[in-house]
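Residues per chain, in single letters:
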Amino acid sequence: MAENREFFNRRLHSLLGVVPIGLFLMQHLVVNHFATYSPEAFNQAAHFMEGLPLRIFLEFAVIYIPLLFHAIYGVYIAFTAKNNVSRYGFFRNWMFLLQRITGIITLIFIVWHVWETRLAYAIYGTEVNFDMMATILSSPFMFWFYVIGVISAIFHFANGLWSFFVTWGITVTPRSQKVLTYATLGVFIIFTYMGMATLIAFAY
Amino acid sequence: MADQKTIKMIIQRQDEPNAQPYEEEFEIPYRKNMNVISALMEIRRNPVNAKGEKTTPVYWDMGCLEEVCGACSMVINGKAQQSCTALIDQLEQPVRLEPMKTFPVMRDLAVDRSRMFDSLKQVKAWVPIDGTYDLGEGPRMAESKRQWAYELSKCMTCGVCLEACPNVNSKSDFIGPAPLSQVRLFNAHPTGAYHKAERMDALLDDGGLQDCGNSQNCVQACPKGIPLTTSIAALNREATVHSFKSFFGSDYHN
């Protein structure tokens, strides 16, 4: 593997975006969606996740290490592009640009989100529950920051899922790629709906 | 003569490879059925700019004049294409001409496309048939396959796909779509397939296939309608298989 290191890194970057990071994102949005039922339902679901065995190990293996690699290598990829949507305003070129913009926004959002909801807990022992999120999201600025961050993350995942299928050579023909565009659009809409419903449930 | 129809052109000029580019405006007499090259020839015949000042003739590259050689590619009204098939009647005026700045500009509209030919060498885009003895006839190719491969073979290394690709730039080593698709062409050839594994290894070297970011501009921009993104996705599949074979598989595989 010493040869073709860049190929290995790019493929690893593509894989990690879906497994485990994409899977974690979907799980995270589903668990948080319990907030729309009741504060107790959310607290119960969150406590179930907190009680999973080997929690710290799981967090490092499934979230922190893959996310760090994906984020750092992703920033490098984003800044080696020279975007040209003004000259070539095709749909896929816009998706290419948006994938990079939402990646950067998601990174900023996640750094803040992890600090606020995980590191603060680890350092100061702040309790993570429905009330904590309700307090954060009661500020209109934070509410909109979360709206933009969550939509960016879901877009980045859905569109990244599309390019995952191309990068691994699963969808080769233009037709299969087009069908996949609609399928990933569906993924984007469903999870955006869940994310927004959750944020509104916390804030109002 | 005052009401004679003219063509307005704004041309980005550069005197030598390291010189600062500048714009110069031209106004030339209109003739029927002109293409960008005949307009440039008019400037060469009478190198006077729109202000009426004498200037140096605009320099550009050309060869076949029938969109087969790829030499006359330039950016016309923001879009990279061949100047031989760019008809003045179909262009908005003023016609803006720029060199394809993805490549080193040699002078005015002429660029150095050497990097593309180097990439073709890197990925071994040929069928080796030389030997110490007569190798005889190669295996036959199905007619349907030949027709399909002919489409890929239309690539004229013009550089338009590299110019359109956001990932081909001075910050990246990406070799661009054209040489990638050539790997697919030569791997599909019955004799070329003998060297498939070698080509795949070269293809996955730094700056290779993996640097594609799926903006899919190339397939839209290609003047020959080559299915570049289908080639890239097909090679991605091939690369997946190839890398699994080299890591988990046998010590010999093709």
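In short, a report on the structure.

Conventions adopted
- Residues numbered from 1 in each chain as written.
- Chains lettered and ligands numbered in written order.
- Predicted model: local features only at pLDDT ≥ 70, side-chain atom pairs only at ≥ 80, totals over all residues.
- Heavy atoms only, no water.
- Phe/Tyr/Trp six-rings, centres within 6.5 Å; stacked < 30°, edge-to-face > 60°.
- Helix = DSSP H or I, 4+ residues; strand = E, 2+ residues; numbered from the N terminus.
- Buried < 20%, exposed > 50% of the residue type's maximum accessible area, 1.4 Å probe, protein only.
- Pairing = 2+ DSSP bridges.
- Core = buried A, V, L, I, M, F, W, Y, C linked by side-chain atoms within 4.5 Å.
- Domains from an automatic or database assignment.
- Contact = heavy atoms within 4.5 Å.
- Buried area = accessible area lost by both parts, 1.4 Å probe.
- Salt bridge = Lys/Arg side-chain N within 4 Å of Asp/Glu carboxyl O.
- Polar contact = N/O pair within 3.5 Å; in protein donor to acceptor, adjacent residues only side chain to side chain.
- Nonpolar A, V, L, I, M, F, W, Y, C, P; charged D, E, K, R; others polar.
- Axes fitted to C-alpha atoms, helices over the stretch in contact; angles between N-to-C directions.
- Patch = residues over 30% accessible without salt bridge, like charges linked within 9 Å, V, L, I, M, F, W, Y side chains within 5 Å.
- Areas by Shrake-Rupley, 256 points an atom, 1.4 Å probe, with all protein chains shown as cover.
- Lys, Arg positive; Asp, Glu negative; His and termini not counted.
- Charge placed at Lys NZ, Arg CZ, Asp CG, Glu CD.
- Expected span 1.5 Å × (residues − 1).
- Parallel < 35°, antiparallel > 145°, perpendicular 65-115°, else oblique.

Quick look at the packing of aromatic side chains
Residue and element names in this part refer to chain A.
Here comes step 1: All told, the structure shown has 20 aromatic pairs over all chains when counted by the stated rule.
Here comes step 2: With a centroid separation of 5.0 Å and an interplanar angle of 90°, the aromatic rings of Phe 109 and Tyr 146 are classed as edge-to-face. Taken together, the positions of Phe 109 in helix α5 (residues 91-124) and Tyr 146 in helix α7 (residues 140-167) put the pair 37 residues apart, joining distant regions of the chain. The burial state of Phe 109 is the same as that of Tyr 146; both residues are buried.

Some thoughts on the pairing of strand β1 (residues 6-13) of chain B
Residue and element names in this part refer to chain B.
Here comes step 1: Here β1 lies mainly inside the structure; six of its eight residues are buried.
Here comes step 2: Pairing of β1 with strand β5 (residues 95-98) involves three bridges; the strand directions are parallel. Paired with Ile 10 across the two strands is Arg 96, which belongs to β5.

Overview of the nonpolar core
Here comes step 1: Counting 42 residues, the largest nonpolar core has B:Met100, B:Leu162, B:Leu180, B:Leu203, B:Leu209 and B:Leu235 as its most contacted members.
Here comes step 2: The biggest single contributor to this core is helix α5 (residues 177-188) of chain B, with five residues.
Here comes step 3: The two domains that each donate at least three residues to this core are domain 1 (6-111) and domain 2 (114-248) of chain B.
Here comes step 4: Here B:Leu162 is in contact with B:Thr102, B:Phe103, B:Arg115, B:Met116, B:Val168, B:Ile175, B:Gly176, B:Pro177 and B:Ala178, once residues within four sequence places are set aside.
Here comes step 5: Formed by 31 residues, the second largest nonpolar core is a distinct cluster that contains A:Phe109, A:Ile136, A:Phe143 and A:Met194.

Focus on the interface of chain A and chain B
Here comes step 1: Taken together, the 30 residues of chain A in the interface contact 40 residues of chain B.
Here comes step 2: Taking both partners together, chain A and chain B bury about 2,900 Å²; carbon and sulfur atoms supply 49% of that area.
Here comes step 3: Per-residue buried area on chain A facing chain B is highest for A:Phe7, A:Arg87 and A:Tyr88; these three make up 21% of the total on that side.
Here comes step 4: At the junction of chain A with chain B, the criterion picks out three salt bridges.
Here comes step 5: The partner of A:Arg87 in a salt bridge is B:Glu163, and the shortest N-O contact between them spans 3.4 Å.
Here comes step 6: On inspection of chain A and its partner chain B, the count reaches 21 residue pairs in polar contact (both at pLDDT 80 or more).
Here comes step 7: Put simply, the parts of the chain that give the side of chain A that touches chain B at least two residues each are α1 (5-18), α5, α7 and α8 (174-203) of chain A.
Here comes step 8: Of the residues contributing to the side of chain A that touches chain B, the split by class is 13 nonpolar, ten polar and seven charged.

Quick look at the sheet that holds strand β4 (residues 79-82) of chain B
Residues and elements named next belong to chain B.
Here comes step 1: Strand order in this open sheet of five strands is β2-β1-β5-β3-β4, and the pairing throughout is mixed. Looking along the sheet, the strands with just one partner apiece sit at the ends: β2 (22-29) and β4. With direction set aside, neighbouring strand axes in the sheet form an average angle of 30°.
Here comes step 2: Running at roughly 95° to β2, helix α1 (residues 36-45) makes contact with β1, β2, β3 (73-76) and β5 of the sheet.

So, the environment of A:Ile65
All names here are of chain A.
Here comes step 1: Along the chain, Ile 65 falls in helix α4 (residues 55-79).
Here comes step 2: Exposure remark for Ile 65: the relative accessible area of 53% places this residue in the exposed category.
Here comes step 3: Taking the C-alpha atoms as reference points, Ile 65 and Trp 162, 97 residues apart in sequence, are found 23 Å from one another.

Some remarks on a negative patch on the surface
Residue and element names in this part refer to chain B.
Here comes step 1: On the surface, a cluster of negative charge is contributed by Asp 173, Asp 201, Asp 205 and Asp 206.
Here comes step 2: Checked against the element boundaries, Asp 205 lands in the loop between α6 (196-203) and α7 (217-221).
Here comes step 3: Residue classification places Asp 205 among the partly exposed positions, given a relative accessible area of 37%.

As for unusual backbone geometry
Here comes step 1: For the bond from A:Val19 to A:Pro20, the omega torsion is 10°, close enough to zero to count as cis.
Here comes step 2: Examined against the element boundaries, A:Pro20 turns out to sit in the loop between α1 and α2 (21-32).
Here comes step 3: One non-glycine residue with positive phi stands out, namely B:Asn33, at about 60°.
Here comes step 4: Relative to the assigned elements, B:Asn33 resides in the loop between β2 and α1.
Here comes step 5: Unlike most non-glycine residues, B:Gln216 shows phi in positive territory, near 60°.
Here comes step 6: A residue is classified by how much of its surface remains accessible, and B:Gln216, at 14% relative accessible area, is buried.

Focus: α1(A)
Here comes step 1: For α1(A), which comprises 14 residues, the first-to-last C-alpha distance of 20 Å matches the rise-based estimate of 20 Å (1.5 Å per residue) to within 8%.
Here comes step 2: With respect to burial, α1(A) is a largely interior element, ten of its 14 residues being buried.
Here comes step 3: Summarising the contacts, the buried residues of α1(A) are in contact with α2, α4 and α7 of chain A together with α8 (228-248) of chain B.

Things to note about the packing of α1(A) against α2(A)
Residue and element names in this part refer to chain A.
Here comes step 1: At a closest axis distance of 3 Å, the pairing of α1 and α2 adopts a crossing angle of 15°. Taken together, the axis directions place α1 and α2 in an arrangement best described as roughly parallel. Judged by residue contacts, Leu 16, Gly 17 and Val 18 of α1 engage Ile 21, Gly 22 and Leu 23 from α2.
Here comes step 2: Across the contact of α1 with α2, the residue classes tally to four nonpolar, two polar and no charged.

Focus: the packing of helix α6 (residues 130-137) of chain A against α8(A)
Residue and element names in this part refer to chain A.
Here comes step 1: α8 packs onto α6 with a crossing angle of 90° between their chain directions and a minimal axis gap of 7 Å. It follows that α6 is roughly perpendicular to α8 by the angle criterion. Side by side, α6 and α8 meet where Phe 130, Met 133, Ala 134 and Leu 137 of the first sit next to Leu 199, Ala 201, Phe 202 and Ala 203 of the second.
Here comes step 2: Tallied by class, the residues present in the contact of α6 with α8 amount to eight nonpolar, no polar and no charged.

On their own, these measurements won't tell you what the molecule is for.
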